[in-house]
Each structure stands twice: as structure tokens, then as C-alpha cells.
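Summary of structural features
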Amino acid sequence: MAKRLIPTFNRVLVEKILPPSKTNAGILLPEKSSKLNSGKVIAVGPGARDKEGNTIPVAFKEGDTVLLPNYGGDHVKLGEKDYHLYRDEEILGTLHD
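Read on for a plain summary of the structure. Keep in mind it's a predicted model, so treat the numbers as computed, not measured.

**Some details on the pairing of strand β2 (residues 38-44)**
The pairing of strand β1 (residues 11-16) with β2 spans five bridges and is antiparallel. The partner of V14 across the bridge, within β2, is V41. Bridge count for β2 against strand β5 (residues 65-67) is three bridges, and the pairing is antiparallel. Across the sheet, the residue bridging to K40 is T65, located in β5.

Dropping the structure here:
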């Protein structure tokens, strides 16, 4: 049975994008060759609540490619895949082509 995690409040479920370990020609790349720590948004929560009880929506949507901090977030393993849970304000920004 496949599991689906729906984040609560202003949390965002992200699958990290792993940089390639070698080039098309077969040259192995060092681990530090990739500078961006990025991921793809898999699921978002409904948003946080303010003092009046109004929902503050999350700034990201499913499918966005986001820039992640080097540290932080909670590691989650669902089946064979690894994910990370971040709060909305911990994510640094959205990456566009």
C-alpha cells in the first residue's frame, strides 16, 4: 500500500534533487561540484493561522523547484523514497528556468 503524507499547517514536503555523479562522457564528479541545494515540492499544508484564526497560505505549490537551506528540515522516509519536511519560512526561494 502506498503512503501519502499531507503536511500540516505551513509545512512543505520536498524531495531533494540529487546532482549527477558523473558527466555524459563518464567522468566522475566530486561531491562538492554542485553548489545549489534544491528540491521539488511534493505536497504543501493548508497554511499557518494568524491570531484571528485566518489561514495564511503557503508561498509554494506542488511541482515547484525550491532552493533549500544547507541545514534544517525533518527527514522522512516513505517506502523507499527519502523526503524532507520544511516550514514555509525555512525555504529560501523558488528556482525558475
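**Looking at the side chain of H84**
On the secondary structure map, H84 appears in strand β7 (residues 81-87). On the basis of relative accessibility, which here comes to 15%, the residue H84 falls in the buried class. Ignoring any residue separated from it by four or fewer positions in sequence, one finds H84 in contact with V12, L13, V14, K16, D74 and H75.

**Structural notes on the nonpolar core**
If you look at the biggest cluster of nonpolar residues, it comprises nine residues: V12, V14, V41, V58, F60, V66, L68, Y86 and I91. The residues touching I91, leaving out its near neighbours within four places in the chain, are V12, V14, F60, V66, L67, L68 and Y86. Counting residues in hydrophobic clusters, the runner-up holds five residues, among them L13, A43, Y83 and L85.

**Section: the pattern of salt bridges**
The tally for this structure, following the rule as stated, stands at three salt bridges. Notably, a salt bridge pairs R4 with E62, separated by 3.8 Å at the nearest N-O pair. Placement of R4 in the segment before β1 and of E62 in the loop between β4 (55-56) and β5 is noted, with a sequence separation of 58 residues between them. Classification of R4 as exposed rests on a relative accessible area of 60%. For E62, a relative accessible area of 46% puts it in the partly exposed group.

So, how was this worked out
- Residues numbered from 1 in each chain as written.
- Predicted model: local features only at pLDDT ≥ 70, side-chain atom pairs only at ≥ 80, totals over all residues.
- Heavy atoms only, no water.
- Pairing = 2+ DSSP bridges.
- Helix = DSSP H or I, 4+ residues; strand = E, 2+ residues; numbered from the N terminus.
- Buried < 20%, exposed > 50% of the residue type's maximum accessible area, 1.4 Å probe, protein only.
- Contact = heavy atoms within 4.5 Å.
- Core = buried A, V, L, I, M, F, W, Y, C linked by side-chain atoms within 4.5 Å.
- Salt bridge = Lys/Arg side-chain N within 4 Å of Asp/Glu carboxyl O.

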